[in-house]
Amino acid sequence: MFCSLFAKECRQTVRSLIYWLTVIVLTLFFFSQLGELEITGKPAKGQEEYGMKYSDDKQVIMKNTLGSLAEEYYRGTYSTYPIGFHKSVKPSKEENKRIGEIVKETTGITDMTVIEDLMAEHYNTGDVIMTGLSVPPVKGLSYERFQKLMQEVDDMLGGGSSYGAEMLKSNAMEPMTYEDAMEEYNTLVEKDHLTGGYARLFCDYMGIMLSILPVFLAVTRGLRDRRAQMQELIAVRKASSAVIIASRYAAMLVMLMVPVLILSCFPLAECMSYAAEAGISIDHFAFVKYSFGWLLPSVMTAAAVGLVLTVLTDTALGVLVQGVWWFLSIFSSMSGMDGGKYGWSFVPRHNTAGNYAGFHDNFAQLAANRALYAAVSVVLVLAAIWIYAKKRRGKMDIHGKISANRKNKSKA
């Protein structure tokens, strides 16, 4: 019974306009964001630049953060990203005065003209400026005191600034040396087998769309029965509620993962081409493993939210709920775009082919994250089965049609 219903659901999904719109949106997003993948080649000595890297050096973190603070204090406005969008903040006189005191305590600067001179010296060189202003901390400033004062600034700005505890390291960008670039390349090739890094980048982009698109398919499929007035027919079917809902849900997951796996063949082919020229070995199944381990839980959860809320309300409420959750998750996870800071975000980010160390060191965190959402989706599907079973028995139906019709048929 399950297999026949599953096959039927797959056929209905293929005939669905929403499904093909989902595939088109996913495909357009893939080619517009990733397009032709640029494989990082082996760095050569004497290159003009090797890119940037995040530094763990506390002195670098302090210098870059204090440079940013001094510059924003000079301009009188501060940039924050409370939910991912830029917000320009102008603190009150009292707050700005306190920030001035913090600038003085941390850098020793008491005169605005000093900051102006430092900015002119840094920016007016005629060269392309890769980093922001850096200001060294005063002698004897401990990192703990620095963190406390920066957090105070962040609190005054309402949060979401580059001075919060979780954002301090993101200020410590510095140019990579040849040795740094070689170390990153060797890690990508030897430990990540090339495809591992690009599979994470693929999942980063695809995860954005796959955390919202499945809800449209789930809601549309749920509302189709009501539009076609199929509730009464389904209510008297011999198939159990578990089989009906499980087959429908499984069909959605399979049909959504098929285009994902097809799209993954494009970056895989480019990795294979590069590996053949460079004479290196790759993991041919990396994209498959990452797609199921990283992306499938997102698809499962988004589809489950649409499924359970549609079964419960017979409306498109699932789109609104998932849309709000998706919106908040996308922008709250921006601070972790470089990878390694996965937390419990519904949309974990790793917007780089590098940072293998961040991924490796925090793999348990990411695995727990994905397992949690997979478990949540199973709970939601079980709830959908329970609600659906109740409705088939004439209970919990908001419109009351099934109950009334079945009673009439029994009297006849």
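Residues numbered from 1 in each chain as written. Predicted model: local features only at pLDDT ≥ 70, side-chain atom pairs only at ≥ 80, totals over all residues. Heavy atoms only, no water.

1. Some words on the pattern of salt bridges
Put simply, the rule reads: We define a salt bridge as a side-chain nitrogen of Lys or Arg found within 4 Å of a carboxyl oxygen belonging to Asp or Glu. Numbering of helices and strands starts at the N terminus; helices are DSSP runs of H or I of at least 4 residues and strands are runs of E of at least 2. Buried residues are those whose accessible area, probed at 1.4 Å on protein chains only, stays under 20% of the maximum for their type, while exposed residues exceed 50% and partly exposed ones sit between those limits.
Here the structure, examined in full by the defined rule, presents 11 salt bridges. Linking Arg 98 and Glu 101 is a salt bridge whose minimum nitrogen-to-oxygen distance equals 3.2 Å. With Arg 98 and Glu 101 both in helix H4 (residues 93-107) and three residues apart, this pair spans about one turn of that helix. The salt bridge partner of Arg 200 is Asp 192, with a shortest N-O separation of 2.4 Å. No difference in accessibility class separates Arg 200 from Asp 192, as the two residues are buried. Members of the salt-bridge network, linked through shared partners, are Glu 9, Arg 221 and Arg 248.

2. Focus: the nonpolar core
Quick reminder of the rule: For the purposes of this section, nonpolar cores are sets of buried Ala, Val, Leu, Ile, Met, Phe, Trp, Tyr and Cys residues that join through side-chain atoms within 4.5 Å. Contact criterion: two residues are considered in contact whenever any of their non-hydrogen atoms come within 4.5 Å of each other.
Ranked by internal contacts, the top residues of the largest apolar core, which has 78 residues, are Tyr 198, Phe 202, Met 206 and Tyr 249. The residues touching Tyr 198, leaving out its near neighbours within four places in the chain, are Leu 37, Glu 38, Ile 39, Thr 40, Leu 188, Cys 271, Phe 287 and Ala 353. Listed in part, the 28 residues of the second largest apolar core include Val 60, Ile 61, Leu 141 and Leu 168.

3. Details of the packing of helix H3 (residues 58-75) against helix H6 (residues 143-156)
Between two packed helices, what matters for the description is the angle formed by their axes and the separation of those axes. Going by this rule: Orientation is described by lines fitted to C-alpha atoms, with helices fitted over the stretch in contact, and by angles between N-to-C directions that extend from 0 to 180 degrees. Orientation categories follow fixed angle ranges, with anything under 35 degrees roughly parallel, anything over 145 roughly antiparallel, 65 to 115 roughly perpendicular, and all other angles oblique. If you view the pair so one helix is near and one far, a crossing is left-handed when the near helix is turned anticlockwise from the far one by less than a right angle, and right-handed when it is turned clockwise. Residue polarity follows a fixed list, in which Ala, Val, Leu, Ile, Met, Phe, Trp, Tyr, Cys and Pro are nonpolar, Asp, Glu, Lys and Arg are charged, and the others, Gly among them, are polar.
Look at H3 against H6: their axes get within 11 Å of each other, and the N-to-C directions meet at 30°. Classed by the angle they form, the pair H3 and H6 counts as roughly parallel. Considering how the two elements wind past one another, H3 and H6 form a crossing that is left-handed. Counted together, Lys 58, Ile 61, Met 62, Thr 65, Leu 66 and Leu 69 of H3 and Tyr 143, Phe 146, Met 150 and Val 153 of H6 form the full contact between these two elements. Taken together, the residues of the contact of H3 with H6 sort by class into eight nonpolar, one polar and one charged.

4. A word on a negative patch on the surface
As a reminder of what qualifies: Candidates for patches are residues over 30% relative accessible area with no salt bridge; among them, like charges are joined within 9 Å and nonpolar side chains (Val, Leu, Ile, Met, Phe, Trp, Tyr) within 5 Å. Where accessible areas are quoted, they stem from the Shrake-Rupley method and a 1.4 Å probe; at the residue level, only the protein chains shown are allowed to cover. Think of it this way: Lys and Arg go in the positive column, Asp and Glu in the negative one, and His and the chain ends go nowhere. A charged residue contributes its charge at one atom only: NZ of Lys, CZ of Arg, CG of Asp or CD of Glu.
On the surface, Asp 111, Glu 116, Asp 117 and Glu 121 cluster together to form a negatively charged patch. Along the chain, the position of Glu 116 falls in helix H5 (residues 112-123).

5. What about the confidence of the model for the chain?
In plain terms, the rule: One number per residue, pLDDT, summarises how confident the predictor is, and it ranges from 0 to 100.
Per-residue confidence for the chain gives a mean pLDDT of 87, with 90% of residues at or over 70. Between the elements of the chain, mean pLDDT differs from a low of 44, seen in helix H16 (residues 401-411), to a high of 96, seen in helix H12 (residues 286-313). Taken together, the stretch residues 400-412 has pLDDT below 50 and engages in 14 contacts with residues farther than four places along the chain or on a different chain.

6. Let's talk about the packing of aromatic side chains
Put simply, the rule reads: In summary, the pairing rule links any two rings of Phe, Tyr or Trp, Trp by its six-membered ring, whose centres are within 6.5 Å, and it sorts them by plane angle into stacked for under 30 degrees, edge-to-face for over 60 and tilted for everything else.
Under the criterion given, the structure shown has 14 aromatic pairs. Relative to Phe 266, the ring of Phe 30 has its centre 6.2 Å away and its plane inclined at 45°; by these criteria the two rings are tilted. With Phe 30 in helix H2 (residues 17-33) and Phe 266 in helix H11 (residues 241-278), this pair connects stretches of sequence that are 236 residues apart. When its relative accessible area of 1% is taken as the criterion, Phe 30 is described as buried. Classification of Phe 266 by relative accessible area gives partly exposed; the value is 41%.

7. Digging into the environment of Ser 333
Note that Ser 333 resides in the loop between helix H13 (317-332) and helix H14 (356-361). Of the residues examined, Ser 333 reaches a relative accessible area of 8% and is grouped as buried. For the pair Ser 333 and Ser 345, spaced 12 residues apart in the sequence, the C-alpha separation amounts to 6.5 Å. Apart from residues no more than four positions distant in its own chain, Ser 333 is found in contact with Ser 345, Val 347 and Arg 349.

8. What to know about a nonpolar patch on the surface
The grouping of Phe 31, Val 254, Val 258, Ile 262 and Phe 266 at the surface amounts to a nonpolar patch, some 420 Å² of accessible area in total. In terms of residue count, H11 provides more of the nonpolar patch than any other element does, four residues in total. Tracing the backbone through its elements, the reader meets Phe 31 in helix H2. Given the relative accessible area of 39%, Phe 31 is considered partly exposed.

9. Side note on unusual backbone geometry
The backbone of His 193 sits at a positive phi, close to 50°, despite the residue not being glycine. By the secondary structure assignment, His 193 is in the loop between helix H7 (178-191) and helix H8 (195-210). When its relative accessible area of 35% is taken as the criterion, His 193 is described as partly exposed. Even without being glycine, Asn 355 reaches a positive phi, approximately 55°. Mapped onto the elements, Asn 355 comes out in the loop between H13 and H14.

10. Quick word on the side chain of Asp 180
Residue placement: Asp 180 occurs in helix H7. With a relative accessible area of 17%, Asp 180 lands in the buried category. Excluding residues that lie within four positions of it along the chain, Asp 180 makes contacts with Lys 53 and Pro 175.

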